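Spelled out, the chains give:
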Protein chains: 2
Amino acid sequence: MASQPYERKHKVTVIGSGNWGSAIAKIVAENAAAHNNIFQEEVQMWVYEEKVEVPKDSKHFDPADTLCQGPHNLTEIINHYHENIKYLPGIGLPKNLHANPSLEDAVRDATILIFNVPHQFIIRICDQLKGKILPFARGISCIKGVDVNEQGVSLFSETIGKKLGIYCGALSGANIATEVAKELWSETSIAYHPPPLDSKAPSPSASTTEIVHFEHKDTSGQLADVKLQALPTQYPPVDHETWKALFHRPYFHVRVVDDVAGVSLGGALKNVIALAAGWVEGLGWGDNAKAAVMRVGLLEMVKFGDKFFSATINPRTFLQESAGVADLITSCNGGRNYRCAKLSVERGQSIEEVERTELNGQKLQGTSTAEEVNRYLKKQGLEDEFPLFTAVYRILEGKMRPEEIPNQIEDIPERAGSKL
Amino acid sequence: MASQPYERKHKVTVIGSGNWGSAIAKIVAENAAAHNNIFQEEVQMWVYEEKVEVPKDSKHFDPADTLCQGPHNLTEIINHYHENIKYLPGIGLPKNLHANPSLEDAVRDATILIFNVPHQFIIRICDQLKGKILPFARGISCIKGVDVNEQGVSLFSETIGKKLGIYCGALSGANIATEVAKELWSETSIAYHPPPLDSKAPSPSASTTEIVHFEHKDTSGQLADVKLQALPTQYPPVDHETWKALFHRPYFHVRVVDDVAGVSLGGALKNVIALAAGWVEGLGWGDNAKAAVMRVGLLEMVKFGDKFFSATINPRTFLQESAGVADLITSCNGGRNYRCAKLSVERGQSIEEVERTELNGQKLQGTSTAEEVNRYLKKQGLEDEFPLFTAVYRILEGKMRPEEIPNQIEDIPERAGSKL
């Protein structure tokens with residue numbers, strides 16, 4: 001790929017600049033510079049603009065500096081100090097990463113879009129992006145989780161893709177953001193599997209906007225008519241190798257796979273299991289008990305994928321990829337859902353009370369995912385086949401105690417994960 | 001099973017009385033009492049006799065008590081106080097558990113033998129037992145690990161079975177002994193899959209010793225001519241249900257499976273992975289890095305089983321059973337191999353030095369298993385296909401540093417566990 005010269009290079013834009021967004025932007029900017037034969041060096045990062053004061057304990061604080069006097073725009077601060085002092089303090093960002101408060105300006109002419117915003121904002125952002133992006137852009141969603149509701153389970157990558165008429169893959173893995181930002185070694189999974197383009201359709205040039213139609217089998221197994229534009233031949237192709245070039249670092253090892261549903265689902269369901277792991281640990285039951293909860297949870301994850309994504313999912317993803325078993329392990333050892341659940345038992349408080357005191361206004365993802373998963377399972381009459389997911393929901397509802405988990409999950413149908 | 005009356009009940013003997021031996025004996029004695037329609041209530045526990053003093057901080061210590069004056073036999077102390085004050089202090093043992101210093105006497109007329117001694121003693125004990133046990137007895141080995149050497153990999157359950165001419169299954173799981181002894185909830189796996197007996201052969205009565213010949217496909221895939229005696233019809237059959245009755249407790253959940261090789265191998269290889277997890281944690285690399293090591297380790301476990309036990313192993317065991325992924329998690333979170341490896345990096349000491357200061361004369365199992373596994377892989381020319389196992393061995397040898405683990409395992413062939 002690198003040896004073949006192309007007229008144009010990919011322009012990369014990261015949409016989002018929170019804790020995880022900034023950590024990912026740092027990686028992507030480092031790689032854009034390292035592979036400047038494929039990518040434009042400057043990487044744009046869209047920042048939701050807000051007024052921020054440089055804290056007195058920041059290494060950048062200098063009372064003589066006007067930027068340190070009173071509140072200033074977060075983008076100005078990031079571009080001046082090369083640090084997101086609000087959401088990723090203490091971590092230097094590459095100089096080729098440019099913070100941009102204008103969404104429209106940030107994505108202009110970008111061929112590669114990285115989505116990394118809290119999931120509740122993604123629909124609104126897609127609405128703003130419509131008609132503003134290149135029609136042949138490709139995306140990766142770093143948004144953890146899936147959108148489960150009574151109608152079914154949708155992947156955020158699919159939602160983005162459909163809203164914008166582009167193809168969007170997913171990134172997920174055992175990635176606690178601050179550890180990644182500190183360049184402590186970790187692994188991740190990227191899933192990218194665009195449907196085949198019609199080879200007989202003319203390949204558009206960068207100046208045309210011809211549309212290639214194809215049939216796209218989406219994750220729920222239904223056929224949807226999605227319009228996708230082929231990438232102009234002036235650009236290097238966007239394939240597994242390209243994503244590896246853009247994300248792989250010596251401290252951030254990337255494996256690229258096809259299974260978008262599996263990679264996305266792992267990142268959502270592990271939070272439900274982490275709640276159970278936290279409760280059990282909070283009871284003082286030790287490592288054996290936590291491992292038992294994780295084992296049962298892993299099997300229910302596999303089973304959930306098999307029940308609802310059987311058309312496209314690869315059950316091995318949960319067991320072989322960072323986005324599966326490894327992310328589950330990380331989340332049950334030190335994730336927020338685990339920590340808050342543990343504290344709730346230790347302090348005898350509800351999880352909402354712990355959320356309030358510990359998370360500074362942020363919400364746990366595991367509790368809402370557990371509720372959404374339960375609503376869906378209930379509608380399908382499948383609560384009993386997922387005893388751990390059901391137990392977590394009932395405990396959240398106050399209808400069960402964490403002490404009852406062992407009995408609840410004992411009757412798990414043998415070999416629940418028999419589709420492995 | 002319970003509704004059908006049999007003339008005789010099973011006599012159960014536990015061979016071994018260390019930390020894990022005593023914890024298992026406690027469980028088995030509790031269940032013998034609870035299911036006294038199948039089992040004789042009194043359970044024998046063979047104890048390697050030694051002189052022991054009741055420590056002054058024991059709740060049993062009473063200066064007026066002659067047993068507390070100077071050293072006494074461990075068996076006397078166990079039978080008087082119903083506590084193994086040396087190897088499982090602070091845990092009450094059931095009154096129907098009888099400590100016996102005579103191996104021959106302990107196993108007399110026992111139909112069920114539970115083996116739970118350090119693996120280096122098992123051959124000698126089998127030699128002592130030959131001709132002393134009922135020829136139709138059935139066994140379960142709780143000895144963790146497998147015997148890997150240049151000739152191949154043997155399971156301790158197989159070694160016991162062949163030495164004694166009986167069938168022996170295996171028990172292994174996410175079971176830190178002291179947590180199990182304290183009745184903190186955990187799960188375990190029992191594997192039991194005796195070869196079919198010739199149905200045309202007459203079923204021996206308890207007084208006869210007719211021998212049934214059968215062909216037994218052992219774990220290395222070769223056919224061995226093993227002589228096995230059918231259980232006399234006066235006894236309740238020994239099947240998966242029987243083992244569940246003998247081992248399952250409200251705090252100790254049992255799943256019985258067929259895969260003896262998988263259950264045994266999990267218990268051995270997880271110790272090798274736990275060393276790597278400990279090193280990475282000792283470097284301060286955090287939860288992401290530990291999860292990455294565990295993910296790669298799990299895949300190498302599956303691959304090892306597939307390469308060397310393909311005839312009999314079920315790769316799902318590693319992923320679905322307590323003896324697989326759950327035991328790996330427990331061992332990498334708090335096991336001895338993990339803790340010593342972590343300390344060795346933090347203190348800049350060799351693992352042998354840490355062993356000396358931390359383990360009070362005991363040896364880590366992970367280091368010897370890593371060496372044995374490597375000797376075998378080297379002989380087969382397969383070192384490169386198991387980069388994590390190989391890295392652990394090289395680090396132990398001083399030829400690699402823990403910091404090099406990420407690069408070493410990066411080149412792992414994709415989808416190493418493709419036989420899942």
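Residues numbered from 1 in each chain as written. Chains lettered and ligands numbered in written order. Predicted model: local features only at pLDDT ≥ 70, side-chain atom pairs only at ≥ 80, totals over all residues. Heavy atoms only, no water.

Looking only at helices and strands, one finds 16 helices and 14 strands in chain A. A total of 420 residues make up chain A; the buried ones form 61% of that total. Of the contacts formed within chain A by residues at least 6 apart in sequence, a portion of 72% connects residues at least 24 apart. Approximately 16,400 Å² of chain A is accessible, and the part contributed by carbon and sulfur atoms is 46%. (Helix = DSSP H or I, 4+ residues; strand = E, 2+ residues; numbered from the N terminus. Buried < 20%, exposed > 50% of the residue type's maximum accessible area, 1.4 Å probe, protein only. Contact = heavy atoms within 4.5 Å. Areas by Shrake-Rupley, 256 points an atom, 1.4 Å probe, with all protein chains shown as cover.)

What follows covers the nonpolar core. Buried together is how nonpolar side chains tend to be arranged in soluble globular proteins. Ranked by size, the top nonpolar core spans 287 residues in total, and within it A:Ile114, A:Phe247, A:Phe304, B:Ile114, B:Phe247 and B:Phe304 carry the most contacts. Excluding residues that lie within four positions of it along the chain, A:Ile114 makes contacts with A:Val12, A:Thr13, A:Val14, A:Ile15, A:Ile24, A:Ile140, A:Cys142, A:Trp243, A:Leu246 and A:Phe247. (Core = buried A, V, L, I, M, F, W, Y, C linked by side-chain atoms within 4.5 Å.)

So, on to the pairing of strand β1 (residues 12-15) of chain B. Residue and element names in this part refer to chain B. Alternating positions in β1 separate into two faces, Val12 and Val14 on one and Thr13 and Ile15 on the other, with burial throughout. Taken together, the four bridges between β1 and strand β6 (residues 112-115) define a ladder with parallel strand orientation. Paired with isoleucine 15 across the bridge in β6 is phenylalanine 115. Of the pairings in the sheet, the one linking β1 to strand β2 (residues 43-46) comprises three bridges and is parallel in character. Opposite threonine 13, over in β2, you have glutamine 44 as the bridge partner. As for the winding sense of the linkage, the β-α-β connection from β1 through helix α1 (residues 19-34) to β2 is right-handed. (Pairing = 2+ DSSP bridges. Right-handed = clockwise from strand over helix to strand, strands pointing away.)

So, on to the domain arrangement of chain A. Residue and element names in this part refer to chain A. Partitioning chain A into structural domains gives domain 1 (10-258) and domain 2 (268-409). One C-alpha centre belongs to domain 1, the other to domain 2; they are set 28 Å apart. Each partner contributes to the interface: domain 1 provides 25 residues, whereas domain 2 provides 20 residues. Together, the buried faces of domain 1 and domain 2 total about 1,900 Å²; carbon and sulfur atoms form 60% of this surface. For the pair domain 1 and domain 2, the interface holds two salt bridges. The closest approach of N and O atoms between lysine 144 and aspartate 327, which form a salt bridge, is 2.9 Å. For the pair domain 1 and domain 2, the interface holds seven residue pairs in polar contact (both at pLDDT 80 or more). Secondary-structure elements contributing two or more residues to the side of domain 1 that touches domain 2 are β8 (146-149), β9 (152-155), β11 (186-191) and β14 (252-257). Among the residues making up the side of domain 1 that touches domain 2, the classes are represented as seven nonpolar, 12 polar and six charged. (Domains from an automatic or database assignment. Buried area = accessible area lost by both parts, 1.4 Å probe. Salt bridge = Lys/Arg side-chain N within 4 Å of Asp/Glu carboxyl O. Polar contact = N/O pair within 3.5 Å; in protein donor to acceptor, adjacent residues only side chain to side chain. Nonpolar A, V, L, I, M, F, W, Y, C, P; charged D, E, K, R; others polar.)

Residues and elements named next belong to chain B. Taken together, the eight strands give an open sheet; going across it, the order is β5-β2-β1-β6-β7-β10-β11-β14, and neighbouring strands pair in mixed fashion. With partners counted over all chains shown, the strands left at the sheet margins are β5 (97-100) and β14 (252-257), one partner each. Across the sheet, the mean angle separating the axes of adjacent strands is 25° when strand polarity is ignored. Sheet strands in contact with helix α8 (residues 260-282) are β10 (167-172), β11 (186-191) and β14, and its direction is about 45° off that of β10. (Axes fitted to C-alpha atoms, helices over the stretch in contact; angles between N-to-C directions.)

A few words on the environment of A:Asn96. One can find A:Asn96 in the loop between α2 (74-81) and β5 (97-100). Engagement of the side chain of A:Asn96 in a polar contact is seen with the backbone oxygen of A:Glu41, the distance being 2.8 Å.

Attention now goes to the relation of the copies chain B and chain A. Mapping between the two copies of the chain is achieved by a rotation about an axis and a shift along the axis. The transformation that overlays chain B on chain A combines an axial shift of 0.0 Å with a rotation of 180°, and the residual RMSD is 0.0 Å. Overall, the copies show the geometry of a two-fold rotation axis. (Least-squares fit on C-alpha atoms with pLDDT ≥ 70 in both.)

This brings us to the environment of A:Ile176. Tracing the sequence through the fold places A:Ile176 in the loop between β10 (167-172) and α6 (177-181). A relative accessible area of 25% means that A:Ile176 is categorised as partly exposed. Expressed as a C-alpha distance, the spacing of A:Ile176 and A:Trp20, which sit 156 residues apart in the sequence, is 8.3 Å. If we ignore the near neighbours within four places in the chain, the residues touching A:Ile176 are A:Thr330, B:Asp287 and B:Asn288.

Each partner contributes to the interface: chain B provides 50 residues, whereas chain A provides 51 residues. Buried surface at the junction of chain B and chain A, both sides included, amounts to about 4,600 Å², of which 53% is carbon and sulfur. Counting across the interface, chain B meets chain A through two salt bridges. Across the pair A:Arg295 and B:Glu187 runs a salt bridge, and its minimum N-O distance is 2.6 Å. At the junction of chain B with chain A, the criterion picks out 13 residue pairs in polar contact (both at pLDDT 80 or more). Mapped onto the side of chain B that touches chain A, the elements with two or more residues apiece are α6 (177-181), β11, β14, α9 (286-308), α10 (316-320), α11 (322-334) and α16 (405-410) of chain B. Element by element, the count of residues in the side of chain B that touches chain A is highest for α9(B), at 13 residues. Within the side of chain B that touches chain A, the residues separate by chemical class into 23 nonpolar, 16 polar and 11 charged.

Looking now at the sheet that holds strand β6 (residues 112-115) of chain A. Residue and element names in this part refer to chain A. The strand order β5-β2-β1-β6-β7-β10-β11-β14 describes an open sheet built from eight strands, whose pairing is mixed. The open sheet has two edge strands, β5 and β14, and neither has a second partner. Taking the axes of each pair of neighbouring strands and ignoring which way they run, one obtains an average angle of 25° across the sheet. In terms of strand pairing, strand β7 (residues 138-141) meets β10 through four bridges, oriented parallel.

Let's shift gears to unusual backbone geometry. At A:Asp109, a residue that is not glycine, the phi angle is positive and equals roughly 65°. One non-glycine residue with positive phi stands out, namely B:Glu183, at about 65°.

Residues and elements named next belong to chain B. Compared with the 22 Å implied by 1.5 Å per residue over 16 residues, the 23 Å span of helix α14 (residues 365-380) between its first and last C-alpha is a close match. Among the residues of α14, Gly366, Thr367, Thr369, Ala370, Glu372, Val373, Asn374, Tyr376 and Leu377 are the ones counted as buried. Note on α14: the residue one or two positions beyond its end, glycine 381, has a positive phi of about 70°. (Expected span 1.5 Å × (residues − 1).)

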